[in-house]
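Understanding the architecture of this molecule
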Amino acid sequence: QKEVEQDPGPLSVPEGAIVSLNCTYSNSAFQYFMWYRQYSRKGPELLMYTYSSGNKEDGRFTAQVDKSSKYISLFIRDSQPSDSATYLCAISKNTDKLIFGTGTRLQVFP
Amino acid sequence: DTAVSQTPKYLVTQMGNDKSIKCEQNLGHDTMYWYKQDSKKFLKIMFSYNNKELIINETVPNRFSPKSPDKAHLNLHINSLELGDSAVYFCASSQPGETYEQYFGPGTRLTVT
């Protein structure tokens, strides 16, 4: 079993839609949960970070962690064409070694 | 100013050759990483150095040898290149304990023919 599973998509939504991206993980020892965004032909960049369980909101983005279900989510409200990218979840037991999901490719069309 | 830079951006070479990829960060971070991203976008850590010392060495063929001349540089040398080495290689840096964010370079697209 992979340590983190993520649906690769692609996910295609109209502009203004609410997008839900998800990952599941297998080891309850993971404490740090992140979402990275990767535009085509670019390096990943950190979008959201959550320590342990709970929600975190930043503008149109909300990250949720449910440690009891080993499930993490990223919600994007009022999605824009500029949100079109690959979204990678990443988990870690410390802040050093990140384990990435396979990434979900998102396409927001006008 | 580019925070994490890599050279070259593209590398096309034949099987059996030896090649190097260079990485530099100007963020003052102590820790640097090499990741490999395959054609399915799966991003996997290969190595991590903290202040020139190797701290993470995942199951990587010993044809891959990282070298850190100083904490701002982490180079990756690959011997006897194989077709399966074709991928995008990303360098990253961070300052664990101070921030959780890893800053990635733009990537080096390696194609082995």
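Presented here is an overview of the structure given in this document. Just so it is clear, the structure is predicted and the values come from calculations on it, not from any experiment.

1. Notes on the side chain of S73 of chain A
- Position of S73 of chain A relative to the elements: it lies in strand β8 (residues 71-76).
- Those residues in contact with S73 of chain A that lie beyond four places of it in its chain are L21, N22, W35, T62, A63 and Q64 of chain A.

2. A word on the sheet that holds strand β1 (residues 4-6) of chain A
Residues and elements named next belong to chain A.
- Reading across from one edge, β1-β3-β8-β7-β6 is the order of the five strands in this open sheet, with antiparallel pairing throughout. For this open sheet the edge positions go to β1 and β6 (54-58), each flanked by a neighbour on one side alone. Ignoring strand direction, the axes of neighbouring strands in this sheet form an average angle of 15°.
- Here strand β3 (residues 19-25) pairs with β8 via six bridges, running antiparallel. Bridged to L21 within β8 is L74.

3. Considering the pattern of salt bridges
- In the structure shown here, the tally under the stated rule is eight salt bridges over all chains.
- With a closest N to O distance of 3.4 Å, E45 of chain A and R37 of chain A form a salt bridge.
- Since its relative accessible area comes to 16%, R37 of chain A is described here as buried.
- One network of salt bridges, in which partners are shared, links K97 of chain A together with K44 and E58 of chain B.

Conventions adopted
- Residue indices begin from 1 for each chain and proceed along its sequence in written order.
- Following the order in which they are written, the chains are lettered starting with A and the ligands numbered starting with 1.
- Since the coordinates come from a predicted model, pLDDT governs what is reported: local features require at least 70, and pairs of side-chain atoms require 80 or more to be given and counted, while whole-chain, interface and lining totals use all residues.
- As a rule here, side-chain values cover all heavy atoms of the structure and leave hydrogens and water aside.
- Here a strand is any run of E in DSSP of at least two residues, a helix any run of H or I of at least four, and the numbering for each starts at the N terminus.
- Any two residues whose heavy atoms approach within 4.5 Å are treated as being in contact.
- What makes two strands pair is DSSP finding at least two bridges between them.
- Note on definitions: angles span 0 to 180 degrees between N-to-C directions of axes, and those axes are lines fitted to C-alpha atoms, for helices only across the stretch in contact.
- One side-chain nitrogen of Lys or Arg within 4 Å of one carboxyl oxygen of Asp or Glu is enough to make a salt bridge.
- The buried label goes to any residue with under 20% of its type's maximum accessible area, the exposed label to any with over 50%, and the partly exposed label to all in between, with areas taken from a 1.4 Å probe on protein chains only.

Any functional reading would require information that these geometric values do not contain.
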